[in-house]
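# Survey of secondary and tertiary structure
Residues per chain are reported as follows:
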Amino acid sequence: MNIKYQKSNIKNLGILFTLFCLFSVKPLLSQESPIFKAMQDEMKRTTGKLKLQKEKPPYYISYRIVDEQNISMRGEFGAIVSDNVDHNRSLFVDLRVGSYDFDNTNFYESPEYSYSFGQPGVSDNLPLDDDYDAIRQKIWLATDEQYKAAVDLLAKKKSAIEHKQLKDTVADFSRVTPDYYIESPKKISMDRNEWATNIKTISNIFRAYPKIQTSGANFSFQLATIYFLDSDGNKYVKNDINTNIEVSANTQTNDGINLTDNVTFSGHLPSDLPALSAMIQKANAMADTLALLTVASEEKDYTGPVMFTSLASSELFFEIIGKGLSDARKPIYEDDEMAQMMPEQTGFLADKINKEVLPKSFSVSDNPTLTSYNKMSLYGNYAVDDQGVKPEKLDLVKTGKLITLPMSRTPIKGIKKSNGHGRFIGGQIRNAISNLVVTSDQTRDDFETEFISLLKEKELDYGIVITQLAFQIPKGRDEMMAMFFGGSRPETPLISEPLIAYRLYQNGKKELIRGLKFDAITPMILKDIVAAGKDETVDNFIYKEPFTDSYLPLSVVAPSVIIEKMIMTSNEAKAKKLPYLKHPYFGKK
Amino acid sequence: MSKYKLIVMVLLTVTALVFAQGNQLLTIMENELNRSFQGLKNTGKEPLYFLQYEINSEDIITISASYGTIITNSHNENRYLSVDARVGSYKLDNTHELRGSSGFGGFDFYNSSFERIPIDNDEFAIREVLWKATDGEFKKAQERIMKVRSEKETKVAEEDTSADFSKSNKEIYTGTETKATLGDTNWTNRIKELSKIFKAYPWIYNSSITITARGNTQYLVNTGGTRIVDGTNRYRITIYADTKSDDGMNLYLFRPFFSYTEDGLPSDVMIRLAIDNLINDLSALRTAPLVDPYSGPAILDNQAAAVYFHEIFGHRIEGHRQKLEREGQTFKDKVGKQILPDFLSVYDDATMQSFNGRDLNGYYKFDDEGVKSQRVTVVENGILKNFLMTRSPIEGFLASNGHARRSYGNKVVSRQGNLIVESKNQVSYDSLKKLLISECKKQNKPYGLIFKDIAGGFTATGRGGTQAFNVTPLLVRRIYQDGHEEVVRGVNVVGTPLVSFSKILVTGDDNAIFNGTCGAESGMVPVSAVAPSILTAEMEVEKKVKEQEKLPILPSPLGGAK
C-alpha cells in the first residue's frame, strides 16, 4: 500500500491533507480466484499423494488464508504517539491423520528442551498479490511440515493413551454437511486523518485531570478477508471488520496504590462507533471516576449481598457463562505433571449439562445471526463460523438449566455435532459464544429498593455495588505452556476483581471504594442470584489474546443482578512510591 | 511565478520546517531534563548526579518480494526514549556491577525499558513520558545503589577499582532530522521482477529480495551540557534463499548490499549477478558431501575473515569485558604485549563512512553517551595498545573513546563500530591458495579448507563457560593438494581465540567489507568489519547439528521432480 509513503511526504511538507484509504476487497472471489485455485490444486495433490511410506495419508485438510489490513494509532495528551499501517497474509493448515474418532488433535506433547513458539502448518508472509504459483509454493511447504508433525503427534498420543491406560471415548472430530458461503466484497473508505484527529481530541481530555498520571487512547481498525477450503467440501470467503477505541488512564492514590480505568468502544465499521462527542463524554466520565477513586477509602473485607450493574453484570455473565462454556474440550497431556500445572480457566461448565447453573427464572441464548437486540447493536455476529459451519441460534440455559454448549467440530462428552460456534483464535479452533443474551422473567423495577431491603434484613449498614470489573483475558493453553516453562504458574481469577465499586447505604447514599477482590467463588455462584433488574446492558467488546495477537468480537447482554452473599477480601495491592516531581503540565500551573 | 521558483520555495520551507522541528524536540527534552535534574538532584537518599535523555526516531520502509509478488510492504515511524539516571558519584554509582545478581547466564538484567515518545512535537505530551520514565529510572537507581553498597560491604574487594563514570567533553551538534525515503518509485516493481528469477529453481523452498530504507535520528541531551541532533539514512538490499540437502539438512545463503544513499544501491544487473551467484552456491551446497571433523590449514576469504575478527577478536577488546568480574578478561593483562602476529594491526574507526569507496555500516558521529566517535588503534604490529571505551573507566584507561553503543531501551556497553584489520604481510589471493596447498603438504593433510561465507556466530567471553567461539560458515570448499576444489557442508568452526590468532601465517591483499548488525547485551547495533583473506596453519571444524526433518514428500508445485 502506498498510503504510508503519502503520509510521510505530506507530513514533511506540513500541508494539511485528508487521506482516503480505500480498502478494496479483491474482485469477487469466484472459483477462478488464484487463491482458491492454489488451495484447491494443492489439496487435490495432497489428499491423493501425500503420505510417508509406512503411514496413512491425511484424512482431513483445511486451508485458511487470512488477509489482514490493520491500522493502529495511539494518542497521548493530545499528540500522536504512533500511527502504523500493516498488511499481511498468513496461511494456517489444519491437517489431521488417523480418523474422525481418533486423530492427532486434542493432545499436548511435552516440549523436549524448550518451548517453541513456532507452530507447524503456519506460514506468515504469504504473497500479498494473488499469485497462484507463489501461494501454492507456500501451501505445499506448510502442508508437508504439518503432515509430518501430525504423524509424529498421533504416534505420541497413541503411546500416551496406552501408557496412561486412558479410555478416551469422545471422538476428535465431527462430520458436517458441506457448506458454501461467499460473501460479497466490501469497500471501506477510511479517513485516517479524521481518526488521528479524533484520537488526539479524545486523548487531550486528560489535560483537565491533574490527578491522572498517564493516559492514552488507542484506535485500531482491522479488515480481514478469510479464504477457507477443506477436504470435506466446505468453502467460504468472509470479511471480518473490527473497529475499536480504548481509552485508558493510570494514577496512584496518595498512599501509592496504582489505579487504572478504561473505557472501550467497539463496532465493525468505523461508522458503528458512537459519535465523537459521546465518546468524549464517556471518556470524561471514566476520568472523573478515576480521579474520585484516588481519594476513595479502601475496603478491607466484605461479606454480604453484591449488586452487579451496568457493565459489571454483562462482565459477570461473560466470566462465568461465556468462559465456562468456551474452549470446553480438555486435551490429553503427554506429561501428567504438565496437566496438573494447567489451570482450567475456561470450559468449567461443560460437565454441567442438564444441571442448574442459574435460578429458574433465567434463560441464556447465543445467536450469531443477531446484529441487534432491543434496538441495541450487537457485535458478535457472523454468517458462517470459522470451520465453514452455518451458526444456529442456541438456547444454552432454560429455566436455569444448562441445555447445550456452543460447539465447534470438536465434540465433547454428550455433544457430538457442531452448531456453528467454532472460532479461530490463538492459531486454533475453539468453541466460543458470539452474542450471549441473558434474560430473566422476574425482573423488578424497584431493583435498588430490593437491594436495600436485603441490607436491612441482614442488618448491614451498606452493601457493595459493582459497575465495572477489571476484566482479565484468561490465558490460552499455548500461553500457559510458555509461562509454565518460564517458571511461573498462570492463573486468572474466576471473576476478575472490581474496577469500579461503591458502598450503597441503607439511606441510599453512595460512596466509592477500592481494594476488594472476590474470594471463594465457584462456577455455581450464579445460582445465588436473588433478583434481576429491568435494565439490560450490552457489552460489545473485542476478546483479544495478547499472547497470540488474535481476537474475537463478542457481545454480552444482561440485566443487573444481585447475588445474595459473596465474600470479598482485600486485593492486597502493593503501594509504590509516588512520583518525586509534579507532572510537567500540571506542575507549571 | 515560474515553476522553478516554486520548487525552490517549497524546498526552503521543507528545510526550515525540519530544522525548526529538530530544535523543537531537543528544546522539549532540554526543558524536562533541566526541571528533572533540578528537582531530583537532592531529593533521594543518594544524589542524582547525571541525567541523560536519548530519543531515537526510527522511520523504516521495508518492501520484500518473493516469486514475483510482494510479501511485505510496510512503513513505520516510531520514536523511542532511553533514560540514563546516575545516582551516587562518579566514583561509585548505581550502574556498578552487581556480582551476586541473579541474572540469567551471568547477565545482569539492569536494563531500562524503553518508552514510546509521541511523533508529534507536542511539548507536554512528550514531557509527560519523559517525566514518568525519569521518575521510574530514578527510583530504580536509588534501589540499585543500595544493593551496590551492601555488596561492597559483604563481598571481597574487586580486582579493578576504577570509577564507574568518567567526565567527558560537552558536545553541541545540530545535524538534520531525517526520514526514510525511497526516491525511485519503481523499487516495488524492480524487486518483484528480480524475485521472479527463483521461479526457475523449484528446489529452492523459500526465497526473497528485501529492500529496507531507514531514516534514524538521534536526539541526545544530558546534564553535562551535550546537545545532539544527528540523522542518518541507511539503505539495504538482501537476497535470501533456502533449501534442504537430500539428507534433510537446512541450507540457506544470503547476500546483503548496504549504502548510505539510494544511489549507492546496486543496479539490477548487479543484483541479478548476485542472485545467480547465490543460486550457484546453494546448488553446489545441496549436493555437497558432509564435512568430517578436521583440523588443519585453512583460508578465510576476506568477508569471512572480517566476521571472524569481529566475533573472535573484536568482542574481546570491548572495554567493559576487561572490568566486569563475570567476564573472562582475555586481554586484560596483555596491554603492551603481543597478541596477534606482528604483521597485523587493528583499529576501530567509527568516523569512517566508507572504505575504498564502499560504505561502512558502523559509522556514527556520536555514541550513545554523546561522545564523539574516534579512531582507536587497538593493536599495532601485533601489540595490544588500547580498548574500545565507554565513559565507564577501566584500570589504565580512564576516558571514553566514543564506543558506548546500544539499541534503544538498553544500557550502553562498549561495542565495535568499524573494525579494520591491516596486514603488512600480504600476498595475492592466488599465492595464498598456493601457500595453503604447500601448508597441507607440510602438515601431511590431504586437503585444506576455504571459508567463503560466514553467517555469524557467537563467542563466549564470560568466565562461566569456556573461552571458546563458534562461527557458522555457510559455504566451505575443500582444496586438495592437486588444486581441485569441492564444496562441503555441515561445518562449524570451533576453537579458542588466543590459540587461533597465533596460527595466522599470512594474508591476502584483498581487503573486503562485511556490513552487518551485531547483537550483544546492549542490543542490536550496525557494525562493519574490514579484513583481507587470511591463511591460518590450523583451523578446527566440527559437524553442525543437523535437523532431523525429511525432505518434502511431494515435489515442488512450481516444477517437475528435481
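Here the structure is a predicted model, which means the values were calculated and not measured.

### Details of the overall build of chain B
Per the secondary structure count, chain B includes eight helices and 25 strands. Relative to its 562 residues, chain B shows a buried fraction of 45%. For chain B, contacts bridging at least 24 residues in sequence account for 77% of all contacts bridging at least 6.

### Points about the interface of chain B and chain A
Chain B puts 46 residues into the contact, and the matching count from chain A is 46 residues. Listing elements by their share of the side of chain B that touches chain A, those giving two or more residues are α1 (3-40), β2 (69-87) and α2 (123-154) of chain B. Here the side of chain B that touches chain A is built from residues that sort into 18 nonpolar, 13 polar and 15 charged.

### Details of unusual backbone geometry
Across residues other than glycine, the phi torsion is negative in most instances, and most of the peptide bonds are trans. Despite not being glycine, N354 of chain A shows a phi value in the positive range, around 70°. Position of N354 of chain A among the secondary structure elements: in the loop between α7 (336-341) and β14 (362-366). Overall, N354 of chain A belongs to the exposed group, with 9 C-beta atoms counted inside 10 Å. For Y67 of chain B, which is not a glycine, the phi torsion comes out positive at approximately 50°. Locating Y67 of chain B in the fold gives a position in the loop between β1 (48-66) and β2. With 26 C-beta atoms packed within 10 Å, Y67 of chain B lands in the buried category.

### Looking at helix α5 (residues 302-313) of chain B
Residue and element names in this part refer to chain B. The terminal C-alpha atoms of α5, which comprises twelve residues, lie 15 Å apart, in line with the 16 Å expected from a rise of 1.5 Å per residue. Extensive coverage of α5 is indicated by the burial of twelve of its twelve residues. If you check which residues of α5 are buried, you get N302, Q303, A304, A305, A306, V307, Y308, F309, H310, E311, I312 and F313.

### A few points about the nonpolar core
Counting 191 residues, the largest nonpolar core has Y63 of chain A together with M29, A306, F309 and A529 of chain B as the members making the most contacts within it. Setting aside chain neighbours within four positions, we find M29 of chain B in contact with Y53, I55, L130, Y219 and V221 of chain B.

### Some details on the sheet that holds strand β16 (residues 418-423) of chain B
Residues and elements named next belong to chain B. Strand order across the open sheet formed by six strands is β13-β12-β9-β16-β24-β23, with mixed pairing between neighbours. With one partner strand each, in any of the chains shown, β13 (383-384) and β23 (512-520) form the two edges of the open sheet. Taken together, the two bridges between strand β12 (residues 375-380) and β13 define a ladder with antiparallel strand orientation. Within the sheet, the bridge partner assigned to V379 lies in β13 and is L384. Running over the sheet, α5 touches β9 (344-349), β16, β23 and β24 (523-531) and is turned about 125° from β24.

### A word on the environment of A520 of chain A
Inspection of the secondary structure puts A520 of chain A in the loop between β26 (516-519) and β27 (529-533). For the pair A520 of chain A and T569 of chain A, spaced 49 residues apart in sequence, the C-alpha separation works out to 9.8 Å.

### Describing the domain arrangement of chain B
Note: interface size is frequently given as the accessible area lost on complex formation between the parts. All names here are of chain B. Each assigned domain of chain B is listed with its residue range as follows: domain 1 (3-232) and domain 2 (294-543). Across the contact, 29 residues belong to domain 1 and 26 residues belong to domain 2. Where the side of domain 1 that touches domain 2 is concerned, the elements lending two or more residues are β1, β2, β5 (206-222) and β6 (227-244). Among the elements that line the side of domain 1 that touches domain 2, the one with the most residues is β5, at three residues. Of the residues in the side of domain 1 that touches domain 2, the class split is nine nonpolar, twelve polar and eight charged.

### Describing the packing of helix α4 (residues 192-204) of chain A against helix α5 (residues 276-293) of chain A
Residues and elements named next belong to chain A. Where α4 contacts α5, the axes come no closer than 9 Å and their chain directions differ by 30°. Compared by their axis directions, α4 and α5 come out roughly parallel. Viewed along their axes, α4 and α5 form a crossing whose handedness is right-handed. Contact with α4, carried on its side by N198, T201 and I202, involves L276, M279, I280 and A283 of α5 and no other residues of that element. Of the residues contributing to the contact of α4 with α5, the split by class is five nonpolar, two polar and no charged.

### Considering the pairing of β16 of chain B
All names here are of chain B. Of all six residues in β16, five are buried, a share of seventy percent or more. Where β9 and β16 come together, five bridges link them in antiparallel fashion. Looking across to β16, one finds that S345 is bridged to E422. Taken together, the three bridges between β16 and β24 define a ladder with parallel strand orientation. Across the sheet, N418 pairs through a bridge with S528, a residue of β24.

### Considering the sheet that holds strand β29 (residues 550-558) of chain A
Residue and element names in this part refer to chain A. Pairing is mixed across the open sheet formed by six strands, whose spatial order is β18-β17-β14-β21-β29-β28. Edge strands, defined here as strands with exactly one partner in the open sheet, are β18 (401-402) and β28 (537-545). Examined bridge by bridge, β28 and β29 share nine bridges and lie antiparallel to one another. In the sheet register, D539 faces β29, and the bridge partner there is V556. This element, helix α6 (residues 311-325), spans β14, β17 (394-398), β21 (435-440), β28 and β29 of the sheet and lies at about 120° to β29.

### Some words on the domain arrangement of chain A
All names here are of chain A. In terms of domains, chain A is made up of domain 1 (18-282) and domain 2 (296-570). When each unit is reduced to the centre of its C-alpha atoms, the spacing between domain 1 and domain 2 is 24 Å. Counting residues at the interface gives 41 residues for domain 1 and 35 residues for domain 2. Listed by contribution, the elements that provide at least two residues to the side of domain 1 that touches domain 2 are β4 (107-108), α3 (132-164), β8 (214-230), β9 (235-252) and β10 (258-267). Partitioned by chemical class, the residues of the side of domain 1 that touches domain 2 number 17 nonpolar, twelve polar and twelve charged.

### Concerning the confidence of the model for chain A
Residue and element names in this part refer to chain A. Chain-level pLDDT for chain A is 88 on average; 91% of the residues reach the 70-or-more range. This model gives residues 1-30 a pLDDT under 50, and the stretch forms 50 contacts once residues within four places in sequence are excluded. Across residues 113-117, where pLDDT falls below 50, the model places five contacts with residues more than four positions away in sequence or in other chains.

### Brief notes about the environment of V335 of chain B
Residues and elements named next belong to chain B. Examined against the element boundaries, V335 turns out to sit in the loop between α6 (320-323) and β9. Overall, V335 belongs to the partly exposed group, with 16 C-beta atoms counted inside 10 Å. Discounting chain neighbours no more than four positions away, the residues touching V335 are L384 and G396.

### Describing the packing of helix α2 (residues 34-49) of chain A against α3 of chain A
Residue and element names in this part refer to chain A. Where α2 contacts α3, the two axes come as close as 9 Å, and the packing angle between them is 40°. The orientation of α2 with respect to α3, classified from their angle, is oblique. The handedness of the crossing between α2 and α3 is right-handed. Taken together, the residues of α3 that come into contact with α2 (itself represented by P34, I35, K37, A38, M39, D41, E42 and T46) are Y132, I135, R136, I139, W140 and T143.

Parameters and conventions
Residues numbered from 1 in each chain as written. Chains lettered and ligands numbered in written order. Predicted model: local features only at pLDDT ≥ 70, side-chain atom pairs only at ≥ 80, totals over all residues. Helix = DSSP H or I, 4+ residues; strand = E, 2+ residues; numbered from the N terminus. Buried ≥ 20, exposed ≤ 12 C-beta atoms within 10 Å, placed from the backbone. Contact = placed C-beta atoms within 7 Å. Nonpolar A, V, L, I, M, F, W, Y, C, P; charged D, E, K, R; others polar. Expected span 1.5 Å × (residues − 1). Core = buried A, V, L, I, M, F, W, Y, C linked by C-beta atoms within 7 Å. Pairing = 2+ DSSP bridges. Axes fitted to C-alpha atoms, helices over the stretch in contact; angles between N-to-C directions. Domains from an automatic or database assignment. Parallel < 35°, antiparallel > 145°, perpendicular 65-115°, else oblique. Left-handed = near helix turned anticlockwise from the far one by under 90°. pLDDT = per-residue confidence, 0-100.

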